[in-house]
Amino acid sequence: MATFLYQLGRFAFRRRWLTLLIWVLIFGGVGAAASSAPPPPADTFTMPGTESQKAFDLLKEKFPAASADGATARVVVRAPKGEKVSGAERKAAVSALVADMTKAPGVAAVTDPYQAGSVSKDGTTAYAVVTYKAAATALKDKEHDGLTKALDKARDTGLTVEAGGDAIEVEAAAGGAEGLGILVSAVVLLITFGSMIAAGMPVLTALIGVGVGLSGILALGSTFGLSATTGTLAMMIGLAVGIDYALFIISRYRSEVTEGHTPQEAAGRAVGTAGSAVVFAGLTVIIALAGLAVVNIPMLTKMGMAAAGTVAVAVLIAITFVPALLGFAPIRTLRRVDRPALKGKEPSARLRRKMDKEAARRKPNLGTRWARYVLRHPVAVLLVGVLGLGVIAMPATSLELGLPGEGTMAPDTTQRKAYDMLSESFGPGFNGPLTVTVSAKDATKAAGSVGQALAKVQGVESVSPATANPANDTAILSLVPTTGPTDHDTEVLVRSLRDGVGGIESAGGADEILVTGQTAAFIDFSKTLDDALVPYLALVVGLAFLLLVLVFRSILVPLKAALGFLLSVSAALGAVVAIFQWGWLAEVFGVKATGPVISTMPIFMIGVVFGLAMDYEVFLVSRMREAFSHGTEPREAVVTGFRYGGRVVSAAAIIMISVFSAFMTESNDLIKMIGFSLASAVLFDAFVVRMAIVPALLALLGKSAWWLPKWLVRLLPNVDVEGAKLDRLAPAGAPAGAGAPQHQTGDRDYAGSRR
């Protein structure tokens, strides 16, 4: 592996113009394909194998008009204190509102609350349902503006008017989070490299990789059913790993140049060593993302596969385009300032001895000092790290999962206000009605009996009259629970209704009874994710373990990596529960509403953070493995890993933490939760697990850390990630016995000049 990548890196550096041309053609070709491709399909959400999905499919077949995908809005109106909406003046204002909404652009129908009976018992509140011709994702500004004008006009009459539903435009984020994260990333890269050119390369290559990946998704969208939102995860992960991978290779290139290698040789060695780590780190990320297929939710599968493809592009760019860019950069902008100017030549033996003495006199860097501290106190560091993360993880035992809805939005949004008004005036269950489908030869008669039985079930507030299809073989009932859509009691009710269906069917003469609706679908979705969590963990961690055994040729190092990841993710989940579910420090983080943690959070956190965690593990420990394979003592190999990799891994982690933390500045609590969970997980994993627990364990294990059974040694191929074979290579024209490869005579040097 290292030998092949070494040759590839030298080729890309030497043939930089050809490499650049190839990537320009790829970028242009994929971009052209994306621009000429049909529009991506609309977002669709399915859950194969669930009762909710089975009922949705039945409704689409039996009630084609009712299952139309037109957007809806529920407009809630409340009279001023002391008045009722049934009064003559207020009734006229509500009727005028209904008329204005009917005339609004794109509206198909509006229900009159007085004719539909949607007025509260106390007469203070009413609601109207607005149905649009187009789906929510297809609504334009004119449709949103038309509804807004009608609502504002009604508010001028003294009515309190709020609206919810998928037709209501969700307030867009300010968009400053991404800019803030990129700004911090640029500053960190500038501090790390001390050069604008070197700092700009990782950002440039990451943007190109994401551009190729997203363009590919758009080009294949209509073919594979990839919606516009499929690339969301791909963009986030692509930027993250793209910056990381380029950062590691450029840093290794600078290190090789510092040690006296010519630029082309340094590029080859950087790709052969750090590039090998990039390839295997990328494979772990791809495994984590592609593993989302285990969840058996097509939307997540497509997002995972698209993101995995973007990561693969990032790896290819890192091992080809990055060394080509290094060939264009003047060497003085990439060399460390504390080394003598070598002018592109190999140092003499005298100069090498001088450089080594200067290096010995210099103060050890922070990574070296920290590693030596851990080696002196491994037990204390290990206990503090494990116990600290264990304490933070304790709230995770109370984790409650749910899906975001209007009831979890910020209190000042119109959707949340409408939700609260309906709960106060019609009951909490009114915001989460259940739809019951009844299939029978005489659906009207059977549904009537089923409705009477359901009305007697504990937890049911009311059941609407049945509505049958023209063939009278299927009927639907609307059931309102006594509790809200996110309450645990509602979930218990759904399960009890489904468990008791057999008795209701036999009593009512029905062939099949299914419970669905948005609330039931959310419950099924959460259960699907819960059931898939353990298999997903087993698949991802298991495959990554086997891959790391191949990389490190060790049993204990991969085992330690996997267990450390589980510890950091548990701590991150504990922190999320404490802040977003329990409300601890909610004011500090600006959390306006607490509630269940988003159901998709654990799966996404595992997929994203596992990939990044294994990146840091591979890049940090592979340098230790490299030193050990070259004869360094195990404890000193730990110091070597931190001397060369600690700063770079820290910079990569800080960049990721900054990018994720920037989303915590947004007003939306859901975005805050995503940003906080990912940032805290990277923080715990990079700085507690990888920087403290890992070196402490390696110090205690000594040579045992690198133990591998002899039979497994013979069985596993030697991929040579640490680049042990590179020292035995010598390009043509190198003097015999050279300790390191020499530059070929006539090869191009940096910036296109010739030696």
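Residues numbered from 1 in each chain as written. Predicted model: local features only at pLDDT ≥ 70, side-chain atom pairs only at ≥ 80, totals over all residues. Heavy atoms only, no water.

Chemist: Would you take a moment to explain the pairing of strand E10 (residues 512–516) for this structure?
Modeler: Looking along a regular strand, one sees side chains alternate from face to face of the sheet. Burial analysis of E10 places four of its five residues in the buried class, which makes it a mostly covered element. Inspection of the sheet shows strand E6 (residues 434–439) paired to E10 by five bridges, in the antiparallel sense. By the bridge assignment for E10, Val 438 is matched with Ile 513. (Buried < 20%, exposed > 50% of the residue type's maximum accessible area, 1.4 Å probe, protein only. Helix = DSSP H or I, 4+ residues; strand = E, 2+ residues; numbered from the N terminus. Pairing = 2+ DSSP bridges.)

Chemist: Where do I start with the side chain of Thr 490 in this structure?
Modeler: Note that Thr 490 resides in helix H18 (residues 488–499). In this structure Thr 490 comes out as buried when scored by relative accessible area, which is 0%. Dropping the residues within four chain positions of it, Thr 490 is found in contact with Pro 481, Thr 483, Gly 484, Pro 485, Thr 519 and Ile 523. (Contact = heavy atoms within 4.5 Å.)

Chemist: I keep staring at the packing of aromatic side chains and nothing clicks. Help me out?
Modeler: The relative placement of two aromatic rings is captured by the distance of their centres and the angle of their planes. Inspection of every chain in the model, using the stated rule, returns 12 aromatic pairs. Plain terms: the ring middles of Trp 17 and Phe 328 are 4.8 Å apart, the flat faces sit at 85° to each other, and that makes the pair edge-to-face. Remark: Phe 328 occurs in helix H12 (residues 298–328) and Trp 17 occurs in helix H2 (residues 16–36); sequence separation between them is 311 residues. A residue is classified by how much of its surface remains accessible, and Trp 17, at 62% relative accessible area, is exposed. Overall, the relative accessible area of 27% leaves Phe 328 in the partly exposed class. One aromatic cluster in this structure is built from Tyr 127, Phe 426 and Phe 430. Directly above the ring of Phe 13 sits Arg 16, whose terminal nitrogen or CZ lies 4.8 Å from the centroid. (Phe/Tyr/Trp six-rings, centres within 6.5 Å; stacked < 30°, edge-to-face > 60°. Lys NZ or Arg CZ within 6 Å of the ring centre and 35° of its normal.)

Chemist: Would you explain the nonpolar core in this entry?
Modeler: One recurring pattern in soluble globular proteins is that nonpolar side chains are buried together. Tyr 245, Ile 249, Leu 612 and Tyr 616 are the most contacted members of the largest nonpolar core, which totals 152 residues. What Tyr 616 contacts, discounting residues up to four positions off in sequence, is Asp 244, Val 649, Ala 652, Ala 653, Met 656, Val 682, Ala 686 and Arg 690. Grouped together as the second largest cluster of nonpolar side chains are 25 residues, Val 77, Leu 97, Val 130 and Ala 150 included. (Core = buried A, V, L, I, M, F, W, Y, C linked by side-chain atoms within 4.5 Å.)

Chemist: Looking at this structure, how should I read the sheet that holds strand E3 (residues 125–132)?
Modeler: Pairing between sheet strands relies on hydrogen bonds along the backbone, with the strands arranged either parallel or antiparallel. Taken in spatial order, the four strands of this open sheet run E2-E3-E1-E4, and their pairing is antiparallel. Taken across any chain shown, the strands that pair with only one partner, and hence form the sheet edges, are strand E2 (107–110) and strand E4 (160–164). Across the sheet, the mean angle separating the axes of adjacent strands is 25° when strand polarity is ignored. Where strand E1 (residues 72–78) lies against E3, seven bridges are found, and the strand directions are antiparallel. Residue pairing in the sheet places Val 76 in a bridge with Tyr 127 of E3. (Axes fitted to C-alpha atoms, helices over the stretch in contact; angles between N-to-C directions.)

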